[in-house]
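# Geometric and topological summary
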Amino acid sequence: MTTETFLKWLQHFISFTKRSAADPVSLVIDGHGSHKELDVITFAHENHAHVLTQPTSRSLLTDPLYNLSRTTTVLLVVGG
């Protein structure tokens, strides 16, 4: 993902949130480089969005869809 693509997605996400300086929105994402660029951080800050990143290597442990897909793959291999 490029920074430009992520910034477009972030703009779309923010357009659907109700946020203010007193009640900001929080977004938890992985630590991909495109999520940490200055223009992304500036845009988020100006629009009252707190972007919290996890280390990329830890995202696999905390992402339930990753764990589900891994379990399904193992079951298909064992059952096949």
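Quick look at the structure, then. Here the structure is a predicted model, which means the values were calculated and not measured.

## Side note on the pattern of salt bridges
What the rule picks out here adds up to one salt bridge. The closest approach of N and O atoms between Glu4 and Lys8, which form a salt bridge, is 3.5 Å. Note that Glu4 and Lys8 are positioned in helix H1 (residues 3-15) at a spacing of four residues, about one turn of the helix. The class of Glu4 is exposed, set by a relative accessible area of 55%.

## A short note on the packing of aromatic side chains
Overall, the coordinates contain two aromatic pairs when judged by the stated rule. Ring centres 5.9 Å apart and planes at 20° place the aromatic pair Phe6 and Trp9 in the stacked group. With Phe6 and Trp9 both in helix H1, this residue pair falls three residues apart, about one helical turn. For Phe6, a relative accessible area of 3% puts it in the buried group. Look at Trp9 and you get partly exposed, because its relative accessible area is 39%. An angle of 15° between the planes, with centres 5.3 Å apart, marks the rings of Trp9 and Phe13 as stacked. Taken together, the residues span about one helical turn, with Trp9 and Phe13 both in helix H1 at a distance of four residues. Taken together through their ring pairs, the aromatic side chains of Phe6, Trp9 and Phe13 make up a single cluster.

Thresholds, definitions, all that
Residues numbered from 1 in each chain as written. Predicted model: local features only at pLDDT ≥ 70, side-chain atom pairs only at ≥ 80, totals over all residues. Heavy atoms only, no water. Salt bridge = Lys/Arg side-chain N within 4 Å of Asp/Glu carboxyl O. Helix = DSSP H or I, 4+ residues; strand = E, 2+ residues; numbered from the N terminus. Buried < 20%, exposed > 50% of the residue type's maximum accessible area, 1.4 Å probe, protein only. Phe/Tyr/Trp six-rings, centres within 6.5 Å; stacked < 30°, edge-to-face > 60°.

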